[in-house]
Amino acid sequence: MPHYYTLGLIPHKRHTQFRKPDGNLYSEQLFSTEGFSNDYSILYHTNPPTKIIKTDDAVDVMPKIAEEKMLKHRSFEGFNIKPEKDYLDSRKAILVNNDLHIVLAAPQQGMKDYFFKNADADEMIFVHEGSGKLITQYGEIEFGYGDYLVIPRGSIYQISFNDTNNRLFIVESFSPIRYPKKYLSKYGQLLENSPYCERDIRTPQNLQTKDEQGDFSIKTKKRGMLYSLHYAHHPFDVVGWDGCCYPFAFSIHDFEPITGRVHQPPPVHQTFEANNFVVCSFCPRLYDYHPLSIPAPYNHSNIDSDELLYYVDGDFMSRKHVSRGMLTLHPAGIPHGPHPNAVEKSIGKKETEELAVMVDTFHPLQLTKQALQLEDDRYTYSWTE
Ligand SMILES: [Fe+2]
């Protein structure tokens, strides 16, 4: 992410001697997700971040594809994902392609005896239900209902939840998740016409330096395998860091919707982008105010993108039978639009309370076995009901 931030102790100059009170050097680590030619942070560790003492056998966690190719509208009951105690076990990939994995999770517990690193993917964790704390090498971020947690790939983290009722909608992105370029000035400030600004971005706080020796397991996901690497010291041993690559939180409730006299197209809802997909937030807002306006969306032919909508809360005027945690997938290649009567019903309505997250992918999504177990197969024909 483009904005500079610093926490804890750092030396005046990068790549120079920075000593502990006992005279020994801190270990400097440059952290970036795109080599040495894009955003980065520099962290100062109490111990070198390289001391592996043991490795366990790797576990295959690759999503199992059930349908690689298809052309029909789909719908899934996301809340039918069963709660599971363990955070990593609870994560179920449902839709995947080479750019991203869409994952649902209902973890009952955070991680206590291990840490997690996704070495392949930036993670965007949307918190639908639950609250707690994201703990990282950069500090802590408190989260709750409606928060997007964005975690650069390679970050080591733990999550703790305040109770057992948690529902997460997760995007694993194989390229950096960024603010949309159209919202940024030439030098990276969020522009006046963007629906959120730097004040809405919540950075890590309360950096705790854990100088502990022992056996610390970092479960690391790489190319569909989960490796448990044991280190000789606590990974959260950072005394300070600075830079532009770090986890952050942004609340969907801080997204300021852009409205108009007539229906605004989905790009006004854009929140994040990565290679070959975008994330949009549909938030409570006033409807269009032209005297003859039609608030329901027009039919549209999304010939170059699959549209995945994750329903969070509120009423959804364009569809019937919508439940919390439901997902609809409208694939590239066939038009979609409001359900019968939704257009007439929408006329005269002044506002909507809908809350939803949309992910549009520019390459088709494949369905996993898990997705088929959640599917409502009547949806394809629901426009003729
Ligand atoms: Fe659409």
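Draft legend 1. Main features of the pattern of salt bridges. Applying the stated rule across the entire model yields 17 salt bridges. In this structure, Glu123 engages Arg91 in a salt bridge whose closest nitrogen and oxygen atoms are separated by 2.7 Å. Within this pair, whereas Glu123 is found in strand β11 (residues 122–129), its partner Arg91 is found in the loop between α1 (87–90) and β8 (92–96), the two being separated by 32 residues in sequence. Each member of the pair, Glu123 together with Arg91, is buried. Between Arg378 and Asp376 there is a salt bridge, and its shortest N-O distance comes to 3.0 Å. On the accessibility criterion, Arg378 (59% relative accessible area) is exposed.

Draft legend 2. How the structure looks around the coordination of the iron ion. At the metal site, the iron ion is ligated by His300 (NE2), Glu307 (OE) and His336 (NE2), and these contacts range over 2.0 to 2.2 Å. Here His300 falls in the partly exposed class, since its relative accessible area comes to 24%. According to the relative accessible area criterion, His336 is buried, its value standing at 5%.

Draft legend 3. View of the packing of aromatic side chains. The tally for this structure, following the rule as stated, stands at 25 aromatic pairs. Between Tyr183 and Tyr196, the aromatic rings sit 6.1 Å apart at their centres with planes inclined by 85°, giving edge-to-face as the arrangement. One end of the pair, Tyr183, is in the loop between β16 (167–173) and β17 (201–202); the other, Tyr196, is in the loop between β16 and β17, and 13 residues separate them in sequence. Taken individually, Tyr183 and Tyr196 each receive the classification buried, so the pair is uniform in this respect. Between Phe250 and Phe272 the ring centres are 6.3 Å apart and the planes differ by 85°, which places this aromatic pair in the edge-to-face class. Remark: Phe272 occurs in strand β22 (residues 270–274) and Phe250 occurs in strand β21 (residues 248–251); sequence separation between them is 22 residues. With a relative accessible area of 0%, Phe250 lands in the buried category. Of the residues examined, Phe272 reaches a relative accessible area of 1% and is grouped as buried. Clustering of aromatic rings is evident, with ring pairs tying together Phe126, Tyr148, Tyr179, Tyr183, Tyr196, Phe248, Phe250, Phe255 and Phe272. Across from the ring centre of Phe79, 4.7 Å away, lies the NZ or CZ of Arg167, which sits over that ring.

Draft legend 4. Region of interest: the environment of Lys222. Inspection of the secondary structure assignment puts Lys222 in strand β18 (residues 213–222). Take Lys222: its relative accessible area is 41%, and that puts it in the partly exposed class. With 162 residues separating them in the primary sequence, Lys222 and Asp60 have C-alpha atoms 9.9 Å apart. Setting aside residues no more than four positions away along its own chain, Lys222 makes contact with Ala119, Asp120 and Tyr227.

Quick notes on the rules
Residues numbered from 1 in each chain as written. Predicted model: local features only at pLDDT ≥ 70, side-chain atom pairs only at ≥ 80, totals over all residues. Heavy atoms only, no water. Salt bridge = Lys/Arg side-chain N within 4 Å of Asp/Glu carboxyl O. Helix = DSSP H or I, 4+ residues; strand = E, 2+ residues; numbered from the N terminus. Buried < 20%, exposed > 50% of the residue type's maximum accessible area, 1.4 Å probe, protein only. Donors = N, O, S within 2.8 Å, 3.2 Å for Na, K, Ca; no water. Phe/Tyr/Trp six-rings, centres within 6.5 Å; stacked < 30°, edge-to-face > 60°. Lys NZ or Arg CZ within 6 Å of the ring centre and 35° of its normal. Contact = heavy atoms within 4.5 Å.

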